[in-house]
Amino acid sequence: MDAVYDVTRRETFTNLSDIWAKEIDLYSTNQDCIKMLVGNKVDKVIVIIIWRK
């Protein structure tokens, strides 16, 4: 089972653990299935601005 989240939007990662992981466990027909977490958009440049006084 693959679960994909958007690395540029933290809420997509949070939703994986809060919602989708539970849904997978609840509805999966194979309780021993391997779960893989995939971060999407890792090629995007994330700009962090640090303000100095």
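Everything below is about the structure shown above.
These numbers were taken from a predicted model, which means no experiment stands behind them. (Residues numbered from 1 in each chain as written. Predicted model: local features only at pLDDT ≥ 70, side-chain atom pairs only at ≥ 80, totals over all residues. Heavy atoms only, no water.)

Undergrad: Go over the overall build of the protein with me, naming the residues and quoting the values.
TA: Scanning the protein from N- to C-terminus turns up one helix and two strands. Starting at the N terminus, the α and β elements of the protein follow one another as β-α-β. Relative to its full complement of 53 residues, the protein shows a buried share of 15%. For the protein, the share of sequence-separated contacts (at least 6 apart) that also reach a separation of at least 24 residues comes to 69%. Counting only carbon and sulfur atoms, one obtains 57% of the accessible surface of the protein, whose full area is about 5100 Å². (Helix = DSSP H or I, 4+ residues; strand = E, 2+ residues; numbered from the N terminus. Buried < 20%, exposed > 50% of the residue type's maximum accessible area, 1.4 Å probe, protein only. Contact = heavy atoms within 4.5 Å. Areas by Shrake-Rupley, 256 points an atom, 1.4 Å probe, with all protein chains shown as cover.)

Undergrad: Explain helix 1 (residues 10-27) to me, using residue names and the numbers behind them.
TA: With 18 residues, helix 1 should reach 26 Å at 1.5 Å per residue; the first-to-last C-alpha distance of 25 Å fits that figure. At Leu-16, helix 1 is deflected by roughly 45°, the largest bend along its length. Along helix 1, the positions that sit buried rather than exposed are Thr-12, Leu-16 and Ile-24. The inward-facing, buried residues of helix 1 abut strand 1 (2-6) and strand 2 (36-40). (Expected span 1.5 Å × (residues − 1). Bend = angle between axes of the 7 residues up to and from the residue.)

Undergrad: Tell me about the layout of surface pockets, residues and numbers included.
TA: Counted as a void, the largest pocket has a volume near 150 Å³. Around the largest pocket sit Met-1, Ala-3, Phe-13, Leu-16, Ser-17, Trp-20, Ala-21, Ile-24, Lys-35, Met-36 and Leu-37, which together line it. Tallying contributions element by element places helix 1 first for the lining of the largest pocket, with six residues. Its residues assigned to classes, the lining of the largest pocket shows nine nonpolar, one polar and one charged. (1 Å grid on protein atoms, 1.4 Å probe; cavity = no way out; pocket = protein on both sides within 12 Å on 5 of 7 lines; lining within 4 Å. Points joined across faces, edges and corners; volume = space filled by probe spheres on them. Nonpolar A, V, L, I, M, F, W, Y, C, P; charged D, E, K, R; others polar.)

So yeah, pure geometry; function would need other evidence.
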